[in-house]
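# Fold and contact review
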Amino acid sequence: SKKKKNLFDKDIYVYGSDEIWNYENPFFGFDPYFFGESNYQKKIAYGCSIGNADPRINSNLIFQKIKKNLYKFNAISVRDQNSFDLVRNLLNSKTNIVLDPCFLSDPEILQPDKSTYKEKFEKKNFILIYGDYFNKKEIQNILNFAKSQNLEIFSASYINRWANKNIINVNPTDLIFFINYSKFVITSMFHGVMLSYKFKKQFWYSEDPYRKNKLGYFLEKLDLKKQKIDNLGVDQINYKDKEIEFNLWKKNSSDFLINSINKLSK
């Protein structure tokens, strides 16, 4: 019989980010693969998240498996407080809370001007809606705000029937284009907030319970909780306020990744 090919034939593996460690994820549940199962090479976790899963451990077999696998990582960083708590509870050690990787690089494929929508939409004056977790009161607020600003409402990637235009066929480059060229962003999505911050947009968010844990630490640290949709149109973000703190966090995040790789390369 043919020898089974080793799936893990590289020197170092980086796991992350997003909620690959959400053992209660509604789509894939607990998947040991994301915890490094059967991978005996050197491993780094960058910005992993357990999403809205419970960080309090019990005698559940899943936690025993997670613990066993996490012990084999050479370096661990997470993306939010909830995930920090799980690692601390399981391994009895603190870990780094790093920035989402979208802040660490600007690959050419994600340049806003590469979007095929540029020609048609670059001169439009619009508010971008990204996500679909908005209650009736929030929707009315958005409609009133758009009218007061004389702006159209474009919804990207999600259908919101109250928007002027729904643009569903959206790849990552297109999403970055719409965020970059919008006058304001209103979002219920984690990356809606991340990319708005990256491009220094004025944004407001609605609090989707599914994403609350993932967003909490970021909003708290950079004093953005006031950007909740209840305050739509009220608070403008002064990006200078937290610039030093943000740049330090960005440097620490990048250093964690580079130093971990360098250490394991020796």
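What comes next concerns the included structure. (Residues numbered from 1 in each chain as written. Predicted model: local features only at pLDDT ≥ 70, side-chain atom pairs only at ≥ 80, totals over all residues. Heavy atoms only, no water.)

What follows is about the overall build of the protein chain. Broken down by element type, the protein chain carries eight helices and nine strands. For 266 residues, the compact-globule formula gives about 18 Å, and the C-alpha radius of gyration of the protein chain, at 20 Å, lands near that figure. Its C-alpha atoms put the protein chain at 65 × 40 × 40 Å along the principal axes. Across the 266 residues of the protein chain, 47% fall into the buried class. Restricting to contacts in the protein chain with at least 6 residues of sequence separation, those with at least 24 account for 71%. (Helix = DSSP H or I, 4+ residues; strand = E, 2+ residues; numbered from the N terminus. Rg over C-alpha atoms; globule rule 2.2 N^0.38 Å. Buried < 20%, exposed > 50% of the residue type's maximum accessible area, 1.4 Å probe, protein only. Contact = heavy atoms within 4.5 Å.)

A sheet is described by the order of its strands in space; here four strands give the open sequence S1-S2-S3-S4, paired in parallel fashion. For this open sheet the edge positions go to strand S1 (12-15) and strand S4 (96-97), each flanked by a neighbour on one side alone. When strand S3 (residues 75-78) meets S4, the two strands line up parallel, connected through two bridges. Bridging from a neighbouring strand, Ser77 pairs with Asn96 of S4. (Pairing = 2+ DSSP bridges.)

All right, on to the environment of Val14 then. Position of Val14 among the secondary structure elements: in strand S1. Taking relative accessible area as the criterion, Val14 reaches 45% and is therefore assigned partly exposed. Separated by 218 residues in sequence, Val14 and Leu232 place their C-alpha atoms 39 Å apart. Residues within four places of Val14 in sequence aside, it is in contact with Ile44, Tyr46 and Leu257.

With that out of the way, let us pick up the packing of aromatic side chains. A full pass over the atoms with the stated rule returns 30 aromatic pairs. Where Tyr197 meets Phe218, the ring centres are 5.5 Å apart and the plane angle is 85°; that geometry is what we call edge-to-face. With Tyr197 in helix H6 (residues 190-198) and Phe218 in helix H7 (residues 212-221), this pair connects stretches of sequence that are 21 residues apart. Their ring planes at 70° and their centres at 5.7 Å tell us that Tyr217 and Trp249 sit as a pair that is edge-to-face. Separated by 32 residues along the polypeptide, Tyr217 in helix H7 and Trp249 in helix H8 (residues 243-265) bring together distant segments of the chain. Among the aromatic side chains, those forming a connected cluster through ring pairs are Phe103, Tyr197, Tyr217, Phe218, Tyr239, Phe246 and Trp249. (Phe/Tyr/Trp six-rings, centres within 6.5 Å; stacked < 30°, edge-to-face > 60°.)

In this section: the environment of Ser254. Along the polypeptide, Ser254 turns up in helix H8. Of the residues examined, Ser254 reaches a relative accessible area of 24% and is grouped as partly exposed. Along the primary structure Ser254 and Asn141 are separated by 113 residues, whereas in three dimensions their C-alpha atoms are 39 Å apart.

Moving on, we get to the sheet that holds strand S6 (residues 152-156). Strand order across the open sheet formed by five strands is S7-S6-S5-S8-S9, with parallel pairing between neighbours. What marks the edges here is a single partner per strand, and that holds for strand S7 (165-167) and strand S9 (203-205). Put simply, the sheet's adjacent strands are angled 20° from each other on average, direction ignored. Pairing analysis gives four bridges linking strand S5 (residues 126-130) to S6, with the strands arranged parallel. The partner of Ile127 across the bridge, within S6, is Ile153. (Axes fitted to C-alpha atoms, helices over the stretch in contact; angles between N-to-C directions.)

For the rest of this paragraph, the subject is the packing of H6 against H7. Between H6 and H7, the least distance of the axes is 10 Å, while the angle of their chain directions is 25°. Between H6 and H7, the interaxial angle falls into the category roughly parallel. Two packed elements cross with a definite hand, and for H6 against H7 that hand is left-handed. Across the interface between the two elements, Phe190, Val193, Met194 and Tyr197 of H6 pack against Lys214, Leu215, Phe218 and Leu219 of H7. Here the residues of the contact of H6 with H7 are counted per class, giving seven nonpolar, no polar and one charged. (Parallel < 35°, antiparallel > 145°, perpendicular 65-115°, else oblique. Left-handed = near helix turned anticlockwise from the far one by under 90°. Nonpolar A, V, L, I, M, F, W, Y, C, P; charged D, E, K, R; others polar.)

A few words now on the pattern of salt bridges. Following the criterion strictly, the structure yields 17 salt bridges and no others. One salt bridge in this structure joins Arg88 and Asp85, with 3.1 Å as the shortest N-O distance. Taken as a pair, Arg88 and Asp85 lie in helix H2 (residues 81-91) at a separation of three residues, close to a single helical turn. Note that Glu122 is salt-bridged to Lys118, the shortest N-O span being 2.9 Å. Via salt bridges that share partners, Asp18, Glu19, Arg79, Asp100 and Lys214 belong to a single interconnected network. (Salt bridge = Lys/Arg side-chain N within 4 Å of Asp/Glu carboxyl O.)

This next bit is on the packing of helix H1 (residues 61-70) against H2. Orientation of H1 relative to H2, taken along the N-to-C sense of each, is 85°, at an axis distance of 10 Å. Here H1 lies roughly perpendicular to H2, going by the angle between them. Of H2, the residues touching H1 (which contributes Phe63, Ile66, Lys67 and Leu70) are Leu86, Val87, Leu90 and Leu91. A breakdown of the residues in the contact of H1 with H2 according to their chemical character gives seven nonpolar, no polar and one charged.

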